[in-house]
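The residues making up each chain are set out below.
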Amino acid sequence: MAEYTSILIERKQRVAIVTLNRPRELNALNFQLVAELATALEELDRDEAIGCIVLTGAGEKAFAAGADIKEMADKTPIEMMIGGFESWERIRRIHTPTIAAVNGYALGGGCELALHCDIIMASDNARFGQPEIQLGVIPGAGGTQRLARTLGKYRTMEMVLTGSTVSAKELEGLGLVNHVVPQAELLNETLKLADKIASQAPIAARLAKEAVLAAFDTSLQDGLEIERKNFFLLFSTKDMREGMQAFIEKRKANFQGK
């Protein structure tokens, strides 16, 4: 595992916890942090011992309060283009299921980072927003697209055009946040969910994630085809034999990722 200066990595059996670790800057996402995060997630993605990745922020004030504005303020378009934005695409391509544990503010790039994850858990004091319009720009790491695909046109337009923040509880009701829990219980509750996901057959979990994500990128017919192919493919795995035999024998399956 590489050494990192802006993130922390902890392993709890089959779950990895990746913590954004710039608490004095409210975990603002500078180019270095995002690049480190992409590299760490890729390393964990290759690790067969990890079945789920939890992403959270250091401290109680913020998951990530946005991009590092001081770093970007004097950049040119070309400098922004070559400055590390490909790291976001690397994060998008992670196959292992990911859960965002959002503590406090998730603004701008922080909100977009949470939206890159497969499941979002949030503390009861968490707030989400895309305030870029107040800086004279717009979301640049998928915020307009991922919000619109979840919240629809009108709610997304309000968030993006006003830059206002929205509570985790409201977004839970709109389907963007899975569960809202007290701040003190956030990590423990997230780890319970992560442990459950990590206990599933690893290949099936990855192919299930791929099939669900296909629903956002393809037509219904193409998405159904991907689902069917992944379903059929899993019948070549030892875990499928083990899972069905365990069901027949009324015992817990012992999945091996094979």
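Note that this is a predicted model, so its numbers are computed, not measured.

Scoring rules and cut-offs
Residues numbered from 1 in each chain as written. Predicted model: local features only at pLDDT ≥ 70, side-chain atom pairs only at ≥ 80, totals over all residues. Heavy atoms only, no water. Pairing = 2+ DSSP bridges. Helix = DSSP H or I, 4+ residues; strand = E, 2+ residues; numbered from the N terminus. Axes fitted to C-alpha atoms, helices over the stretch in contact; angles between N-to-C directions. Contact = heavy atoms within 4.5 Å. Phe/Tyr/Trp six-rings, centres within 6.5 Å; stacked < 30°, edge-to-face > 60°. Core = buried A, V, L, I, M, F, W, Y, C linked by side-chain atoms within 4.5 Å. Buried < 20%, exposed > 50% of the residue type's maximum accessible area, 1.4 Å probe, protein only. Domains from an automatic or database assignment. Buried area = accessible area lost by both parts, 1.4 Å probe. Salt bridge = Lys/Arg side-chain N within 4 Å of Asp/Glu carboxyl O. Polar contact = N/O pair within 3.5 Å; in protein donor to acceptor, adjacent residues only side chain to side chain. Parallel < 35°, antiparallel > 145°, perpendicular 65-115°, else oblique. Left-handed = near helix turned anticlockwise from the far one by under 90°. Nonpolar A, V, L, I, M, F, W, Y, C, P; charged D, E, K, R; others polar. Patch = residues over 30% accessible without salt bridge, like charges linked within 9 Å, V, L, I, M, F, W, Y side chains within 5 Å. Areas by Shrake-Rupley, 256 points an atom, 1.4 Å probe, with all protein chains shown as cover. Arc of directions from axis to C-beta.

Enquirer: Would you explain the sheet that holds strand E4 (residues 62–64) in this entry?
Expert: Consider a sheet: its strands pair through backbone hydrogen bonds, and that pairing is either parallel or antiparallel. Read across the sheet, 4 strands follow the order E4-E6-E8-E9 without closing on themselves; strand pairing throughout is mixed. The open sheet has two free edges, formed respectively by E4 and strand E9 (165–167), since each of these has just one partner strand. This sheet shows a mean twist of 20° between the axes of neighbouring strands, independent of strand direction. Here 3 bridges tie strand E6 (residues 105–107) to strand E8 (residues 127–129), and the two strands are oriented parallel to one another. Among the inter-strand pairings, Tyr 105 is bridged to a residue of E8, identified as Arg 127. Along the sheet face, helix H5 (residues 109–116) touches E4, E6 and E8 and points at about 95° away from the line of E6.

Enquirer: When you look at the packing of aromatic side chains in this model, what are you seeing that I'm missing?
Expert: Aromatic ring pairs are reported here in terms of the distance separating the ring centres and the angle at which the planes meet. The tally for this structure, following the rule as stated, stands at 2 aromatic pairs. Taking the centre distance of 5.7 Å and the plane angle of 55° together, the rings of Phe 231 and Phe 232 count as tilted. Between the aromatic rings of Phe 231 and Phe 235, the centroid separation amounts to 5.2 Å while the plane-to-plane angle is 75°, which identifies the pairing as edge-to-face. Taken together, the aromatic side chains of Phe 231, Phe 232 and Phe 235 make up a single cluster linked through ring pairs.

Enquirer: Can you help me understand the nonpolar core in this one?
Expert: Inside soluble globular proteins, nonpolar side chains tend to come together where they are buried. Counting 43 residues, the largest nonpolar core has Leu 20, Phe 63, Val 102, Leu 113, Ile 120 and Phe 128 as the members making the most contacts within it. Here this core takes 7 residues from helix H1 (residues 31–46), the largest share from any one element.

Enquirer: Any chance you could explain the domain arrangement of the chain here in plain terms?
Expert: Often the size quoted for an interface is simply the accessible area lost on bringing the parts together. As assigned here, the chain comprises domain 1 (7–199) and domain 2 (202–249). Centre-to-centre, using C-alpha coordinates, domain 1 lies 26 Å away from domain 2. Contact residues are listed per partner, giving 9 residues for domain 1 and 5 residues for domain 2. Of the roughly 690 Å² buried where domain 1 meets domain 2, counting both sides, 44% is carbon and sulfur surface. Sorting the residues of domain 1 by area buried against domain 2 places His 95, Asp 118 and Arg 149 first, and these three jointly supply 51% of that buried surface. One salt bridge connects Lys 209 with Asp 118, and the closest N-O pair in it is separated by 2.9 Å. If you look at where domain 1 meets domain 2, you find 5 residue pairs in polar contact (both at pLDDT 80 or more).

Enquirer: Looking at this structure, how should I read the side chain of Ser 6?
Expert: The residue Ser 6 is located in the segment before strand E1 (7–12) in this model. Residue Ser 6 is classed as buried on the basis of its relative accessible area of 5%. Sequence-distant contacts of Ser 6, that is, excluding residues within four places in its chain, are made with Thr 19, Leu 20, Asn 21, Arg 22, Gln 32, Leu 33 and Glu 36.

Enquirer: Explanation requested: the packing of helix H6 (residues 143–151) against helix H7 (residues 153–162) in the structure shown.
Expert: How two helices sit against one another is set out by the angle between their axes and by the gap between those axes. Across the interface, H6 lies against H7 with an axial gap of 7 Å and an inter-helix angle of 140°. With respect to H7, the element H6 is oriented oblique. As H6 packs across H7, the resulting crossing turns out to be right-handed. Taking contact as the criterion, the partners of Thr 144, Leu 147, Ala 148 and Leu 151 in H6 are, on H7, Lys 153, Arg 155, Thr 156, Met 159 and Val 160. Looking at the contact of H6 with H7 residue by residue, the classes come out as 5 nonpolar, 2 polar and 2 charged.

Enquirer: Mind showing me how you'd approach unusual backbone geometry here?
Expert: Most peptide bonds take the trans configuration, and most residues that are not glycine carry a negative phi. Within the chain, Leu 26 stands out as a residue other than glycine whose phi angle is a positive 55°. Within the chain, Asn 27 stands out as a residue other than glycine whose phi angle is a positive 55°. In this structure, Asn 27 sits in the loop between strand E2 (15–20) and H1.

Enquirer: Please explain a nonpolar patch on the surface as it appears in this structure.
Expert: Together, Ile 133, Ile 138, Met 157 and Leu 161 make up a nonpolar patch on the protein surface, roughly 380 Å² of accessible area in all. For Met 157, a relative accessible area of 41% corresponds to the partly exposed category.

Enquirer: Got a minute to help me understand H6 in this structure?
Expert: Each turn of an α-helix holds 3.6 residues, which means side chains three or four residues apart point in the same direction. Among all positions of H6, only Gly 143, Leu 147 and Leu 151 are buried. Around the axis of H6, the buried residues are gathered within 25° of arc, so they sit on the same side. Residues of H6 that are buried sit in contact with H5, H7 and helix H8 (168–173). Positive backbone phi, at 90°, marks Gly 152, one or two positions downstream of H6.

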